[in-house]
Amino acid sequence: MKSYPGGTMEYRNSTESSMEFASAGRLEEWVHAYLTSDGRNKPFSDGLKLEKRHYIGPVHMPVSLFTRCCGPEDGMKWKVDPAGFESKVAGIIEAMENGADIPPMIIHYFIENGIPAFELTDGNHRHEACVRLGIAEFPVIIWITRDDEYDRFLRENQKYF
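Below is a summary of the structure that appears in this document. (Residues numbered from 1 in each chain as written. Predicted model: local features only at pLDDT ≥ 70, side-chain atom pairs only at ≥ 80, totals over all residues. Heavy atoms only, no water.)

In terms of helices and strands, the chain carries six helices and eight strands. Going residue by residue from the N terminus, the α and β elements of the chain occur as β-β-α-α-α-β-β-β-α-β-β-α-β-α. Here the C-alpha coordinates of the chain stretch approximately 45 × 40 × 30 Å along the principal axes. Counting across all 161 residues of the chain, residues that qualify as buried make up 48%. By sequence separation, contacts in the chain at least 24 residues apart represent 64% of the contacts at least 6 residues apart. Approximately 8500 Å² of the chain is accessible, and the part contributed by carbon and sulfur atoms is 51%. Here the chain contributes 18 positively and 25 negatively charged side chains, and the mean placements of these two sets differ by 3 Å. (Helix = DSSP H or I, 4+ residues; strand = E, 2+ residues; numbered from the N terminus. Buried < 20%, exposed > 50% of the residue type's maximum accessible area, 1.4 Å probe, protein only. Contact = heavy atoms within 4.5 Å. Areas by Shrake-Rupley, 256 points an atom, 1.4 Å probe, with all protein chains shown as cover. Lys, Arg positive; Asp, Glu negative; His and termini not counted. Charge placed at Lys NZ, Arg CZ, Asp CG, Glu CD.)

Take a look at the structure:
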């Protein structure tokens, strides 16, 4: 159990835990707890803390809306070792097939040249596992920096709430 501002809540590496934090109005705390522990991405957590962000979720959204930016393929923003990628994806697939409560993917929503975009900022291995298993929707946490983008996301994506 970890003490957080506003009281004690137990962080767990799961969608259920993220939902509990969200219900308490503390989703951002869950995101940072995840990124600095199980997510092993403290630099991402530190970067998110540089500005005020809006956090929404977790909500189930179509996996097809998001494109991986990390993987062994050429052209990936973050190219990784093929064997390591495959091993991690295989582990997630096995966990999902055994009913594990996998944490949500973390998505950045923004407007680029007037067009809404979804950037998969954490969860590339989970995304690939979903694709391979034919999972159409998966829980995600959306983070948004600008107020106008936040308002537009809420207007245009009500079907997911």
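Back to the write-up after that little detour.
Turning our eyes to something else, we now look at the pairing of strand β3 (residues 54-62). Of all nine residues in β3, eight are buried, a share of seventy percent or more. Across seven bridges, β3 lies against strand β8 (residues 137-144) in antiparallel orientation. Residue pairing across strands places V59 opposite V140, the latter belonging to β8. (Pairing = 2+ DSSP bridges.)

Per the counting criterion, the structure on display carries zero disulfides. Left unpaired, C69 is separated from the closest cysteine sulfur, that of C70, by 6.5 Å. C70 supplies the cysteine sulfur nearest to C130, a cysteine that is in no disulfide, at a spacing of 15 Å. (Disulfide = S-S within 2.5 Å.)

Two elements in contact, helix α1 (residues 15-23) and helix α2 (residues 27-35), have axes separated by 7 Å at closest approach and are oriented at 145°. Residues S17, S18, F21 and A22 of α1 touch α2, and the partners they reach there are L27, E29 and W30. Here the residues of the contact of α1 with α2 sort into four nonpolar, two polar and one charged. (Axes fitted to C-alpha atoms, helices over the stretch in contact; angles between N-to-C directions. Nonpolar A, V, L, I, M, F, W, Y, C, P; charged D, E, K, R; others polar.)

A separate point is the sheet that holds β8. Read from one edge to the other, the open sheet built from four strands follows the order β3-β8-β6-β7, with strand pairing classed as mixed. In this open sheet, the two strands that pair with only one neighbour each are β3 and β7 (115-122). The average undirected angle you get between the axes of adjacent strands in this sheet is 35°. The strands touched by helix α5 (residues 124-133) within the sheet are β6 (105-112), β7 and β8, with β7 carrying the most contacts at an inclination of about 105°. Contacting β3, β6, β7 and β8, helix α6 (residues 147-156) crosses the sheet at an angle of about 105° to β6.

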